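Coordinates in review
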Amino acid sequence: FSFNLTADCNAILKALQPIFQEQGMTETVHNWEDHGYLATYVKKNGSFANLRIHPHGLVLVDLQSYNDHMKGREEVDQLLNKVEEKMKELFHGNIKRVKRLPAILRGGVIDRYWPTADGRLVEYDIDEVVYDEDSPFQNIKILHSKQFGNILILSGDVNLAESDLAYTQAIMGSGKEDYTGKEVLILGGGDGGILYEIVKLKPKMVTMVASNIDQMVIDGCKKYMRKTCGDVLDNLKGECYQVLIEDCIPVLKRYAKEGRMFDYVINDLTAVPISTSPEEDSTWEFLRLILDLSMKVLKQDGKYFTQ
């Protein structure tokens, strides 16, 4: 609860106490004078509530319950409804905002919560662990989501879902590029999605440097991400493509030295790059190095695509 005025901590505490006491919850109150109250309410079944009252106009209620059945969830909702009703009755129109968040389910057999690279927490409707293995380089998970299909997760970083064709099309140029007869270099792309889509467009040759240096990623994807990669990962060499399981930095340096040039370079490296090169002092140094080396193997009229 957020208020338009300074909160009367004592009045809020007295108004809400009966609601928790009706549930048979034992109360402990901490008073920090100018810093408000913290009240904890504990039930015999192990459920508990924290009530934090800040004098500047913020009240937080956190309720944790061990009940995972429908009746338990209904009891939680009923208690929170009573708290909300009492607060609105007490403060009339002075409540600026009420925000109720859904329950976080802890200790589940399947982990539903995955942080994004920029620090946000996303809850997915994951209902099955399809693949979970540790390679010498990283943990590889493929989880099934009712909404997104199978999702590839590398060391906690959500990479790609079977429903992410839009991402693949975007990083290829959204259908505006003509790959017919062209030389293409893909950096990363271990899920095989970009390779699969480009091969359909009749290129001269596509070289994919699966820079995660990890055969196990390819093995997992070719078995469980076939809506993304089709059959291109079944063999590391095809009529118009080859897949190299190597660190992309030495490969790029070798191509630059040999004078090999490409019409397209597509950088689909993971958010947290993996490299055996000692030159990777930081993520930014790695990205700068990749960009510099990519320019050295890109034709003068070539195009470079990246995330």
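Residues numbered from 1 in each chain as written. Predicted model: local features only at pLDDT ≥ 70, side-chain atom pairs only at ≥ 80, totals over all residues. Heavy atoms only, no water.

A few points about the overall build of the protein
Here is the rule we go by: Counting from the N terminus, the helices are the DSSP runs of H or I reaching at least four residues and the strands are the DSSP runs of E reaching at least two. Our radius of gyration looks at C-alpha atoms and nothing else; its globule reference is 2.2 Å times the residue count to the power 0.38. Only protein chains enter the accessibility calculation, which uses a 1.4 Å probe. A residue is then buried if its area is under 20% of the maximum for its type, exposed if over 50%, and partly exposed in between. The contact criterion used is simple: two residues touch if any of their non-hydrogen atoms lie within 4.5 Å. Reported accessibility uses the Shrake-Rupley method at a 1.4 Å probe radius. Residues are deemed covered only where the shown protein chains occlude them. In this charge count, Lys and Arg are treated as positive and Asp and Glu as negative; neither His nor the chain ends contribute. Working definition for charges: the position is that of NZ of Lys, CZ of Arg, CG of Asp or CD of Glu.
Along its length, the protein carries eight helices and 17 strands. Relative to the compact-globule value of 19 Å for 307 residues, the protein shows a C-alpha radius of gyration of 27 Å, a clear excess of over 25%. Principal-axis analysis of the C-alpha atoms gives the protein an extent of 80 × 35 × 35 Å. Evaluated residue by residue, the protein yields a buried proportion of 42% over its 307 residues. Within the protein, contacts between residues separated by at least 24 positions form 54% of all contacts whose residues are at least 6 apart in sequence. Entry remark: accessible area of the protein is about 17000 Å², with carbon and sulfur atoms responsible for 50%. Where the 36 positive side-chain charges of the protein centre and where its 46 negative ones centre are 3 Å apart.

A short note on the sheet that holds strand β11 (residues 149-154)
We apply this condition: At least two DSSP bridges between two strands are needed for those strands to be called paired. Interaxial angles span 0 to 180 degrees and are taken between N-to-C directions of axes, which are lines fitted to C-alpha atoms, for helices over the stretch in contact.
Read across the sheet, four strands follow the order β9-β10-β11-β12 without closing on themselves; strand pairing throughout is antiparallel. Edge positions in the open sheet fall to β9 (126-134) and β12 (157-161), since each of these has one partner strand only. On average, each strand axis in the sheet is tilted by 25 degrees relative to the strand beside it, whichever way the strands run. Contacts between helix α5 (residues 215-224) and the sheet are confined to β9, β10 (139-145) and β11, with β9 contributing the most and set at about 145 degrees to the helix.

Concerning the domain arrangement of the protein
Rules: In this entry, domain limits derive from an automatic or database-based domain assignment.
Domain annotation for the protein reports domain 1 (2-97) and domain 2 (165-306). A separation of 54 Å is found between the C-alpha centroids of domain 1 and domain 2.

Section: the UniProt feature "active site" (unreviewed entry) in the protein
Cut-off, in case you're wondering: UniProt positions are given in the numbering used here, feature names are shortened, and annotations may be inferred rather than shown by experiment.
Taking the UniProt record as the reference, the feature "active site" (unreviewed entry) is found at Asp268. Mapped onto the elements of the fold, aspartate 268 is located in strand β16 (residues 262-268). Residue aspartate 268 is classed as buried on the basis of its relative accessible area of 9%. Residues within four places of aspartate 268 in sequence aside, it is in contact with Tyr167, Ile171, Leu187, Gly188, Gly189, Asp191, Ile194 and Gln307.

Re the side chain of arginine 52
Applied cut-off: Counted as salt bridges are all cases of a side-chain nitrogen of Lys or Arg within 4 Å of a carboxyl oxygen of Asp or Glu. Whenever a nitrogen or oxygen atom comes within 3.5 Å of another N or O atom, the pair is scored as a polar contact, on the condition that within protein one atom can donate a hydrogen and the other can accept it, and that pairs from neighbouring residues in sequence are kept only if both atoms are in side chains.
Counting through the fold element by element, arginine 52 comes out in strand β4 (residues 48-54). Salt bridges are absent for the buried arginine 52, whose nearest opposite-charge side chain, aspartate 34, sits at 12 Å. From its side chain, arginine 52 meets the backbone oxygen of histidine 35 in a polar contact 3.1 Å long. Among the polar contacts made by the side chain of arginine 52, one reaches the main-chain carbonyl oxygen of tyrosine 37 at a distance of 3.1 Å. Apart from residues no more than four positions distant in its own chain, arginine 52 is found in contact with Trp32, His35, Gly36, Tyr37, Leu38, Leu58, Val59 and Leu60.

What to know about the pairing of β9
Both β9 and β10 contribute to a ladder of seven bridges, which runs antiparallel. Paired with isoleucine 126 across the strands is serine 145, a residue of β10. Linking two consecutive strands that pair antiparallel, namely β9 and β10, is a turn of four residues.

Side note on α5
Heads up, the rule is: Think of it as the arc spanned by the lines of direction from the helix axis to the C-beta atoms.
Of the positions making up α5, those classed as buried are Val217, Ile218, Gly220 and Cys221. Down the axis of α5, the sector holding all buried residues measures 165 degrees, keeping them to one side. Looking at the buried side of α5, the elements it contacts are β9, β10, β11, α6 (226-229) and β15 (241-244).

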